[in-house]
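# Structural description and commentary
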Amino acid sequence: MDATARDALLATALAGIAAAAAVAWPGVRELDAAGALLLVAAHVPLAVIRRWPAPGLVALVVLVLPYHLAQYQHHALVPAEVIALFAYAVLGRRVRIVLGVAGFLLAVCVLGMAMRAGGSSVREQVAVIEAVVSVVIAVQVWRVHRARLATITERAERAERTREEEARRRVAEERLRIARDLHDLLAHSITLIGVQAGAAAHLVRGDRPLDRAELAEALASIAGTCRDARTELRGTLQVLRGTDVAAPGTLPGPGGIGDLVRAARGGGIDVELSDDGLGTLPPEIGVAAYRIVQEALTNVVKHAAAKRATVRLARDAGGLVVRVADDGSGPPGGAPEGFGILGMIERARSVGGTLDAGPGERGGFVVTAVLPLADAVSPH
């Protein structure tokens, strides 16, 4: 049985009860055929008010007005009127206007009956007015309360969704940062270890007498690179495990660029470093500059086939300029491949800076990054 059929059965039962009450307690005027027809007809809109709230309420008001004006038993229709008002409050639109108009019409009707009746029945009609007005006010208050609860629930759900989205965004950013760190660390360390190991193997296989000191220096460079890589890798893994990371003072920064240069020199590249007068840098700028130089030198050792390279860090117009240039061949066609260049661009953008990478004017390859220094302290 669908909802409309159930509503029709309930309306029929309610009409029968109302008719029985009007016959048992006739009040001012006994229920005749016309009154019974109006009484029953007033319950018909209850069968369809779930589907058509506004037309159903209007039809009920139109039918109950002549019933009340004719002075039939007034209380018999009160249940139907209350049900219609509450049903429209739940299902209808423009509730305040429609309920206000309905309450006004019913109040006018009851006032007219009170003026016609006179005597002691005036108190009864005033009570009916108060009942109608109370119903209208109660319905409107309940409607407002229901709308307020819905608004509060919606805001809470929206706030929860926003928190979840923010958490997912932060997780994605942290994963990207860790991926960049791992790429920079492993690519740089493995490249240098490979070059240094190749140099050591060349010393062992060479025709000239073995220089034990030179071989020991090559192997020591490999061990030092492994130690540095292990230290940085441990800090990155602590983030993945959810433990505390190293103190900010141990983060890579401009002070560690000298180690990168020495490691590149160990790979057979003559690297010149210029980083005087930088002053105090924000930690995030220092880390970005370190990683950019690290990746750029890795590319020089691994791909450039260069003999010389220069690393320059200097202040310029409120920003830190990081420039790494070499005299190698550069990528074929001048277009860099792989994720190294993209990683450096993302590093620069993460702190609000920019990065350009391409062939130099006199050959080789040049990487230039400009990082903002709004919070940095200039040297005196």
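Residues numbered from 1 in each chain as written. Predicted model: local features only at pLDDT ≥ 70, side-chain atom pairs only at ≥ 80, totals over all residues. Heavy atoms only, no water.

## Some details on the overall build of the protein chain
For clarity, the cut-off: Numbering of helices and strands runs from the N terminus; a helix is a DSSP stretch of H or I covering at least four residues, while a strand is a stretch of E covering at least two. Only protein chains enter the area calculation, which uses a 1.4 Å probe; residues under 20% of their type maximum are buried, those over 50% are exposed, and those in between are partly exposed. By definition in these notes, contact holds between two residues if any of their heavy atoms fall within 4.5 Å. Note that accessible areas follow from Shrake-Rupley with a 1.4 Å probe, and for residues the cover is restricted to the protein chains shown.
Along its length, the protein chain carries ten helices and five strands. For the protein chain, the residues scored as buried account for 37% of the 380 residues in total. For the protein chain, the proportion of contacts with a sequence separation of at least 24, taken over those separated by at least 6, is 71%. In the form shown here, the protein chain has an accessible surface area of approximately 21800 Å², with 61% of it arising from carbon and sulfur atoms.

## So, the pattern of salt bridges
Test applied: Throughout this description, the term salt bridge denotes a Lys or Arg side-chain nitrogen within 4 Å of a carboxyl oxygen of Asp or Glu.
Taken as a whole, this structure holds seven salt bridges when the rule is applied. One salt bridge in this structure joins Asp7 and Arg50, with 2.9 Å as the shortest N-O distance. Placement of Asp7 in helix α1 (residues 3-24) and of Arg50 in the loop between α2 (33-43) and α3 (53-69) is noted, with a sequence separation of 43 residues between them. You can call Arg50 partly exposed: its relative accessible area is 47%. If you follow the salt bridges from partner to partner, you end up with Asp270, Glu272 and Arg308 in one network.

## Considering the pairing of strand β4 (residues 354-359)
The cut-off we apply is this: The criterion for strand pairing is that DSSP finds at least two bridges linking the strands in question.
Examined bridge by bridge, β4 and strand β5 (residues 365-372) share six bridges and lie antiparallel to one another. Looking at the pairing, Ala357 lines up with Val367 of β5.

## Details of the packing of aromatic side chains
What counts, and what does not: Here a pair means two rings of Phe, Tyr or Trp (six-membered ring of Trp) with centres within 6.5 Å. Their orientation is stacked below 30 degrees between planes, edge-to-face above 60, and tilted elsewhere. The rule for a charge over a ring is simple: NZ of Lys or CZ of Arg within 6 Å of the ring centre, and within 35 degrees of the ring normal.
In the structure shown here, the tally under the stated rule is one aromatic pair. Of note, Arg51 hangs over the ring of Trp52, and the distance from its end group to the ring centre comes to 5.5 Å.

## Describing the nonpolar core
Heads up, the condition is: We define the nonpolar core as a collection of buried residues of types Ala, Val, Leu, Ile, Met, Phe, Trp, Tyr and Cys that are connected through side-chain atoms lying within 4.5 Å of one another.
The biggest cluster of nonpolar side chains holds 38 residues, and the ones touching the most others in it are Ile292, Leu297, Val311, Leu320, Val322 and Leu371. Per element, the largest residue contribution to this core is eleven residues, and it comes from helix α9 (residues 283-304). When neighbours within four sequence positions are excluded, Val311 is seen to be in contact with Ile257, Val261, Val271, Glu272, Leu273, Ser274, Val293, Leu297, Arg323 and Val324. Counting residues in each nonpolar core, the second largest holds 20 residues, with Ala22, Ala76, Ala84 and Leu85 among its members.

## Some details on the side chain of Asp7
Using a relative accessible area of 10% as the deciding quantity, one classes Asp7 as buried. Beyond its immediate stretch of four places on either side in the chain, Asp7 contacts Leu46, Ala47 and Arg50.

## Things to note about the confidence of the model for the protein chain
Put simply, the rule reads: The score called pLDDT rates the predictor's confidence residue by residue, from a low of 0 to a high of 100.
Scored by pLDDT, the protein chain comes out at a mean of 76, with 75% of its residues at no less than 70. Confidence over residues 244-249 falls short of pLDDT 50; this stretch has five contacts with residues more than four positions distant or in other chains.

## What to know about α2
Since the α-helix turns once every 3.6 residues, residues separated by three or four places project in the same direction. Put simply, the rule is: In this description, the arc belongs to the directions extending from the helix axis to the C-beta atoms. Any pair of nitrogen or oxygen atoms within 3.5 Å is treated as a polar contact; in protein, a donor-acceptor pairing is required on top of that, and neighbouring residues in sequence qualify only through side-chain atoms on both sides.
Among the residues of α2, Gly35, Leu39, Ala42 and His43 are the ones counted as buried. With its buried residues spanning 105° around the axis, α2 presents them on a single face. Exposed side chains of α2 directed beyond 90 degrees from the buried face belong to Ala33 and Leu37. Of the residues that open α2, the one with a side-chain oxygen 3.4 Å from the backbone nitrogen of Ala34 is Asp32.

## Details of the pairing of strand β2 (residues 308-316)
Bridging between strand β1 (residues 270-274) and β2 involves five bridges; their strand directions are parallel. In the sheet register, Val271 faces β2, and the bridge partner there is Ala309. Here β2 pairs with strand β3 (residues 319-326) via eight bridges, running antiparallel. Across the sheet, Arg312 pairs through a bridge with Arg323, a residue of β3. Where β2 folds back onto β3 in an antiparallel hairpin, the turn is made up of two residues, including Ala317, whose phi is positive at roughly 55°.

## Details of the sheet that holds β4
Here is the rule: In this description, a line fitted to the C-alpha atoms serves as the axis of each element, helices being fitted only across the stretch in contact, and the angle between N-to-C directions of two axes falls anywhere from 0 to 180 degrees.
With respect to topology, five strands assemble into an open sheet ordered β1-β2-β3-β5-β4, the strand pairing being mixed. The open sheet has two free edges, formed respectively by β1 and β4, since each of these has just one partner strand. Adjacent strand axes in the sheet meet at a mean angle of 10° when their direction is disregarded. For β3 and β5, the ladder comprises seven bridges, and the chain directions are antiparallel. Paired with Arg323 across the strands is Thr368, a residue of β5.

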